[in-house]
Amino acid sequence: MPMKMMRKLGLVALVIGLIHGPGCDFGSKKKEIIAEPADSLRPALKIWIVGAPELEKEILVRWQAASDQALKIEHVTPERIATREPFNADVVIYPGVLLGDLVQKEAIGRLPTQAISKRLTQSEDPVTNESSTVSWPVRWRNIATYGGQIYAVPLGASNLGAVMLGLNPDPFKELDSLLINSRDLNAPSMELWTHWLNQAETVLAASREDRRKKLEDYLSKISLDEKAWLVDRFLFIASTTNARGRGLFDLVKMEARLNQPEFTISARVLSRMAQLFPETIGVEPTNAWDSVVSRTHAAASFAIGWPSSVNRPDFKGAVESSGEWAVAALAWNPVRGLIASMGKKTRQTAVSCRFILWLSEPEQREALRTVCSGIELTTEQIDRNSVQGDYRTYQTINSRDSRVETMELSLRMASANQYRAILADCLVASIREPDQIGPIMVSCSLKWDQLTAELGIETQRISEEQSLGYRK
C-alpha cells in the first residue's frame, strides 16, 4: 500500500478514536446528566411527625448510620393536620385516627407497591388479592387501609385492653364469650358490666369519699388529650354492645346513632367506672396500665389501656405470684398506633419509599419501641418484655386475629377530631350528672348531625364509608 494511502487511513482511525474514545464518550455524558444525584446532593427529606416527638432523636441517629440522605424533621400538631394549609412533607408519621383527614386533604397518596416490604407481602395488592401472603396482623392492615387501599405502612396498632388488681375478672370472660356467640348484645352486656361494677364497688366501698373528691378535682382540670382518651374508653365499652356491628352513624341518612340504647348503656358504664377509678379513667393508656401493675407505684385497681414497651415498671412477680391481678379477655382497636405515609406531592418518591421501608424494618422497630409505645414488633420478632406476666397475657389477647375486631367504632373519618371533641364534652357531662345521661346523649347526637350538615352530608358519608372499607 502506498505511504500516502496509509497516512490517510491512519488519520481516519485517529478521528474515529477521538469521537468514540473515553475522552469524548457522548453516551456516557448523557447518562451522567440524567443520573439521579447521590444522597448527599439531594435536598433534605421532609419528615412530619405527629404526636410522637420522642422519635426524632432515635430516627436521626439511626438514619445517619444507614444513609447520606439528610432529614428535616418537623413536629406537627393534629390541629394543623385539620387546616387547609399546603402539605409539603415527603413522609408523614402519625396516629392512625388522622388517616381520613390526610386522605381528604390529599396530603398523602396511596402507598406505592415498592414501599411495601416484600418480606411482608408477595402480592401486588395485599388488601384485595386472595392469594396474598400478607403477614401483617389484621389490626395492622385495618389501621393502614382506607377505601380499600393501603395508604401507610403500619408501625403499630395496639388494642385497648383492661387490667385489674384484686377484682374479679370472671364477668369479662363471660362478656368475651358473649361477643362471639350473640347478636343482641345490649341487655346481656349491661347485665355483666353492672354485675362487675357492683362487685368492684363493694371491694372499694371504704374509699368512696376519697374517690369522689379525686374525680371532682380531675374533671375540673381535664385536658384535651385526657378527653380524647376518655372517648376511646367509651368506645371500648360500646364495642361490647350492639354498637359493635351497627356503628356510630346510620349511613343511609348519615345521622348519628349516639341516641340509641347501646350508647346510653355505654355512657352509664363509663360514668360508674369514673366514680370507681378516677385515677385512670382519662389517663394516657400506658400510664394507666402501669399504675395498676407497677409493684412500687401501684395507685389503682383497674385500668383500660395497654402495657408500655418503654421503661417497663418494677414488676418482679410479687403481684403475679399472689394471683390477684388479671387481664380481661377483651380488646378493641382505637387506631391510635403510628403509621407512615408518603406525601402526595413528594418529588423524592424513591428515597421516601426507601425511608418508609427502612423505618418498618425489624431492627428499627426494636430500637424505636424503646422510646415510643406506638410502635410494635413484627409477629416474627422475639419480645423481651414477654417475661412479665401482665405483658405476656395482654399480647396474647392483643394478637388474637381469630376474632377480627371490627372498625365500625374507629371514628377516623375526615374531621373526626371535631366529632370527638363534641362527644368528649358530653361524656364529661354524663359523668358529672349520671341522672341526665339519656338527654345528654340525645343532645350529643343532634350536635353530631349539625356538624355533619356543616361539613357536608355527602362528603362525610363518603369519608365514613371509606374509613369502614365499604367504599373505594
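So, here's what we can say about the structure. Keep in mind it's a predicted model, so treat the numbers as computed, not measured. (Residues numbered from 1 in each chain as written. Predicted model: local features only at pLDDT ≥ 70, side-chain atom pairs only at ≥ 80, totals over all residues. Heavy atoms only, no water.)

Digging into the overall build of the protein
Now for step 1: On a plain count of helices and strands, the protein comes out with 20 helices and twelve strands.
Now for step 2: Going through the 472 residues of the protein one by one, you find that 54% of them count as buried.
Now for step 3: Accessible surface, the protein as shown: approximately 22200 Å² in total, 53% of it carbon and sulfur. (Helix = DSSP H or I, 4+ residues; strand = E, 2+ residues; numbered from the N terminus. Buried < 20%, exposed > 50% of the residue type's maximum accessible area, 1.4 Å probe, protein only. Areas by Shrake-Rupley, 256 points an atom, 1.4 Å probe, with all protein chains shown as cover.)

A closer look at helix α19 (residues 437-455)
Now for step 1: In a regular helix each residue adds 1.5 Å, so 19 residues correspond to 27 Å; α19 covers 27 Å between its end C-alpha atoms and thus fits that length.
Now for step 2: Listed in full, the buried residues belonging to α19 are Ile437, Ile440, Met441, Cys444, Ser445, Trp448, Leu451 and Thr452. Burial along α19 is one-sided: seen end-on, the buried residues are contained in an arc of 140°. The exposed residues of α19 that point more than 90 degrees off its buried face are Gln450 and Glu454.
Now for step 3: Each element contacted by the buried residues of α19 is listed here: α10 (224-238), β8 (249-250), β9 (255-256), α12 (261-276), α18 (416-432) and α20 (457-468). (Expected span 1.5 Å × (residues − 1). Arc of directions from axis to C-beta. Contact = heavy atoms within 4.5 Å.)

A word on the sheet that holds strand β7 (residues 161-165)
Now for step 1: Pairing within the open sheet is antiparallel, and its three strands lie in the order β10-β7-β11. Of all the strands in the sheet, just β10 (302-305) and β11 (325-327) have a single pairing partner and so form its edges. The mean inter-strand angle of the sheet, taken between neighbouring strand axes irrespective of direction, is 15°.
Now for step 2: Direction of pairing for β7 relative to β11: antiparallel, over a ladder of three bridges. (Pairing = 2+ DSSP bridges. Axes fitted to C-alpha atoms, helices over the stretch in contact; angles between N-to-C directions.)

Quick notes on the side chain of Ser309
Now for step 1: Topologically, Ser309 is positioned in the loop between β10 and α14 (318-322).
Now for step 2: Within the structure, the side chain of Ser309 is placed 2.7 Å from the backbone oxygen of Arg369, a separation counted as a polar contact.
Now for step 3: Setting aside residues no more than four positions away along its own chain, Ser309 makes contact with Arg369, Thr370, Cys372, Ser373 and Asn385. (Polar contact = N/O pair within 3.5 Å; in protein donor to acceptor, adjacent residues only side chain to side chain.)

Things to note about the sheet that holds strand β2 (residues 71-76)
Now for step 1: Spatial ordering of the open sheet is given by β2-β1-β3-β12-β6, a layout of five strands whose pairing is mixed. The outermost strands of the open sheet, each flanked by one partner alone, are β2 and β6 (153-154).
Now for step 2: When strand β3 (residues 91-95) meets strand β12 (residues 338-342), the two strands line up antiparallel, connected through five bridges. Among the inter-strand pairings, Ile93 is bridged to a residue of β12, identified as Ala340.
Now for step 3: The strands touched by helix α3 (residues 55-66) are β1 (45-50), β2, β3 and β12; relative to β2, the strand with the most contacts, the crossing angle is about 170°.
Now for step 4: Contacts from helix α15 (residues 349-359) reach β1, β2, β3, β6 and β12, with the element oriented near 165° to β12.

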